[in-house]
Amino acid sequence: MAHDTSTEPDSTLSAAAELIAEKIFQRLTSLGLTKPTWYTPSEAADYLRLNPVTLALWRSKNQGPAYRVAKDSWRTILYHREDLDAFMREPSPRKRGGRS
């Protein structure tokens, strides 16, 4: 009698799909086509199109986008992409200009 494999998971196919997905991700990453989740202050500044000094100034004044200090080092500051996006969606205060 023939063995019915139609209901068994095909682990070989799953493993091949995972390998292909990983290779595609590696290639996209090598081409700079993927976005990381966590950014250094310099990378965050590039992402926001700001000078890194601006982010440092904001951090010193408890302003700007949320950031985290890495648990492994008190000096490692990281910004999460979702926090940067949320910051950019916040309404900005209007600058007052002109003469009185």
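Residues numbered from 1 in each chain as written. Predicted model: local features only at pLDDT ≥ 70, side-chain atom pairs only at ≥ 80, totals over all residues. Heavy atoms only, no water.

Participant: Honestly, the sheet that holds strand 3 (residues 77–80) in this entry has me stumped. Any pointers?
Facilitator: Backbone hydrogen bonds are what pair the strands of a sheet, in a parallel or an antiparallel way. Reading across from one edge, 1-3-2 is the order of the three strands in this open sheet, with antiparallel pairing throughout. Only two strands of the sheet have a single partner each, and these edge strands are strand 1 (38–39) and strand 2 (68–69). Both strand 1 and strand 3 contribute to a ladder of two bridges, which runs antiparallel. Residue Trp38 lies in a different strand from strand 3, and its bridge partner there is His80. (Pairing = 2+ DSSP bridges. Helix = DSSP H or I, 4+ residues; strand = E, 2+ residues; numbered from the N terminus.)

Participant: What should I look at first to understand the packing of aromatic side chains in this one?
Facilitator: The geometry of an aromatic ring pair is captured by two quantities: the separation of the ring centres and the angle between the planes. All told, the structure shown has three aromatic pairs when counted by the stated rule. Here Tyr67 and Tyr79 contribute two aromatic rings whose centre-to-centre distance is 5.9 Å and whose plane-to-plane angle is 50°, an arrangement assigned as tilted. Linking Tyr67 in the loop between helix 3 (52–60) and strand 2 with Tyr79 in strand 3, this pair joins segments that are 12 residues apart in sequence. Lying over the aromatic face of Tyr67, Arg59 brings its terminal NZ or CZ to 5.9 Å of the ring centre. (Phe/Tyr/Trp six-rings, centres within 6.5 Å; stacked < 30°, edge-to-face > 60°. Lys NZ or Arg CZ within 6 Å of the ring centre and 35° of its normal.)

Participant: Help me out: how do you make sense of the nonpolar core in this one?
Facilitator: Soluble globular proteins tend to pack their nonpolar side chains together in the buried interior. Judged by nonpolar contacts, Tyr39, Ala44, Ala45, Leu48, Leu55, Ile77, Tyr79 and Leu84 together constitute the single largest core of eight residues. Of all the secondary-structure elements, those providing two or more residues to this core are helix 2 (41–48) and strand 3. With three residues, helix 2 is the largest single contributor of residues to this core. Excluding residues that lie within four positions of it along the chain, Leu48 makes contacts with Leu55, Pro65, Leu84 and Met88. (Core = buried A, V, L, I, M, F, W, Y, C linked by side-chain atoms within 4.5 Å. Buried < 20%, exposed > 50% of the residue type's maximum accessible area, 1.4 Å probe, protein only. Contact = heavy atoms within 4.5 Å.)

Participant: What exactly am I supposed to notice about the pattern of salt bridges here?
Facilitator: It is possible for side chains of opposite charge to pair when their charged atoms get near one another. Inspection of every chain in the model, using the stated rule, returns one salt bridge. Between Arg68 and Asp83 there is a salt bridge whose closest N-O contact spans 2.4 Å. Of the two residues, Arg68 sits in strand 2 while Asp83 sits in helix 4 (residues 81–89), which places them 15 residues apart along the sequence. (Salt bridge = Lys/Arg side-chain N within 4 Å of Asp/Glu carboxyl O.)

Participant: Sorry if this is basic, but what is going on with a nonpolar patch on the surface here?
Facilitator: Together, Ile20, Ile24, Leu28, Leu31 and Leu33 give the surface a local cluster of nonpolar side chains, amounting to about 480 Å² of exposed area. Along the chain, Ile24 falls in helix 1 (residues 11–30). Residue Ile24 is classed as partly exposed on the basis of its relative accessible area of 47%. (Patch = residues over 30% accessible without salt bridge, like charges linked within 9 Å, V, L, I, M, F, W, Y side chains within 5 Å. Areas by Shrake-Rupley, 256 points an atom, 1.4 Å probe, with all protein chains shown as cover.)

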